[in-house]
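Analysis of the macromolecular model
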Amino acid sequence: MPRQFFVGGNFKMNPASREQKRSLAAILNEATIDSSVEVVVSPPAIYLLPLKEILRKDIKIAAQNCYFKPNGAFTGEISPAMLKDSEIPYVILGHSERRTLFHETSEFIATKTRASLDAGLSVILCVGETLAEREANKTAEVVQSQLKPVVEILKEEDWSKIVVAYEPVWAIGTGKVATSAQAQEAHADIRAFLKSAVSPAVAEQTRIIYGGSVSAKNAKELGSQADVDGFLVGGASLKPEFIDIINVNK
Ligand code: PEP
């Protein structure tokens, strides 16, 4: 079965007001979007439910993070069970900003992935190398080391609820997009890793999306690569150009 094209919008800690959140929703609500694309947007936690209330139903919502416990004395955290109960179907885990600024390890991210899947959520699992790691020819090694703890926890279980987002750290928010050849090579390496570490079927079915300065200008070429199954979009997801990225194959 062909892999369904996926476009996610990671709003990060934006928009800065409820008014701006309503404007963003209006842009999405009024747009004609390619119905063959799975579209997911990810606002800050405080806007998850208000956005869900006003957003068209063919666009899904993702949290930007969660903890792994169902409830308890974990001040500031939100659980997978709470997201599920609130009918938020997706969660982004392992974003480079969480890894770097909040010191999340790949093992911790794997634990949260397990808990999210157990609660019935789908996971956008982010991986990617720094510029220094790429320049040291360590891209595949780094990405595999980020995926390994998840592979060890999940083994050959159902991977249909995982979307892997390859996001080179040097391309996130920098305007420095990976070339289509760089993206294709990294995605093919991830697929080959899933094939050997999990199974050929999981490798074939798992969507691997690219993130890092995706724009309406570069989306067509990136999206036409054999192993690029869509995008995770940061900055451009806050602009009308997000619609052009969603509709890139139309
Ligand atoms: C992101 O934050 O996931 C991202 C890809 O950001 P940007 O598109 O702004 O580089």
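Presented here is an overview of the structure given in this document. Remember, predicted model here, so these are calculated numbers, not experimental data. (Residues numbered from 1 in each chain as written. Predicted model: local features only at pLDDT ≥ 70, side-chain atom pairs only at ≥ 80, totals over all residues. Heavy atoms only, no water.)

Take the packing of aromatic side chains next. The description of two aromatic rings rests on the distance between their centres and on the angle between their planes. What the rule picks out here adds up to 7 aromatic pairs. Centroid distance Tyr67 to Phe68: 4.6 Å. Interplanar angle 35 degrees. Geometry classified as tilted. Taking the relative accessible area as the measure of exposure, Phe68 reaches 27% and is therefore partly exposed. Between the aromatic rings of Tyr67 and Phe108, the centroid separation amounts to 6.2 Å while the plane-to-plane angle is 55 degrees, which identifies the pairing as tilted. With a gap of 41 residues between them, Tyr67 in the loop between β3 (59-63) and α3 (80-85) and Phe108 in helix α5 (residues 106-118) connect regions that are remote in the sequence. For Phe108, a relative accessible area of 26% translates into the label partly exposed. Taken together, the aromatic side chains of Tyr67, Phe68, Phe74 and Phe108 make up a single cluster linked through ring pairs. If you follow Arg98 out to its NZ or CZ, it ends over the ring of Phe102, 4.2 Å from the centre. (Phe/Tyr/Trp six-rings, centres within 6.5 Å; stacked < 30°, edge-to-face > 60°. Buried < 20%, exposed > 50% of the residue type's maximum accessible area, 1.4 Å probe, protein only. Helix = DSSP H or I, 4+ residues; strand = E, 2+ residues; numbered from the N terminus. Lys NZ or Arg CZ within 6 Å of the ring centre and 35° of its normal.)

The subject of this paragraph is the environment of Arg3. Structurally, Arg3 is set in the segment before β1 (6-10). Judged by its relative accessible area of 21%, Arg3 is partly exposed. Residues Arg3 and Ala165 lie 162 residues apart in sequence; the distance between their C-alpha atoms is 14 Å. Setting aside its immediate chain neighbours within four residues, Arg3 contacts Arg191, Glu204, Gln205, Thr206, Arg207, Ala226, Asp227 and Asp229. (Contact = heavy atoms within 4.5 Å.)

This part is about the site of the ligand. What surrounds the ligand is a group of 14 residues, the closest being Lys12, Glu167, Gly173, Ser213 and Gly234. A distance of 3.3 Å is found between an oxygen atom of the ligand and a side-chain nitrogen or oxygen belonging to Asn10. Here an oxygen atom of the ligand and a backbone polar atom of Ser213 are 2.7 Å apart. The fraction of the free accessible surface of the ligand (290 Å²) that becomes covered by protein chains is 96%. Within the shell around the ligand, the residues separate by chemical class into 4 nonpolar, 8 polar and 2 charged. (Near = heavy atom within 4 Å. Polar contact = N/O pair within 3.5 Å; in protein donor to acceptor, adjacent residues only side chain to side chain. Areas by Shrake-Rupley, 256 points an atom, 1.4 Å probe, with all protein chains shown as cover. Nonpolar A, V, L, I, M, F, W, Y, C, P; charged D, E, K, R; others polar.)

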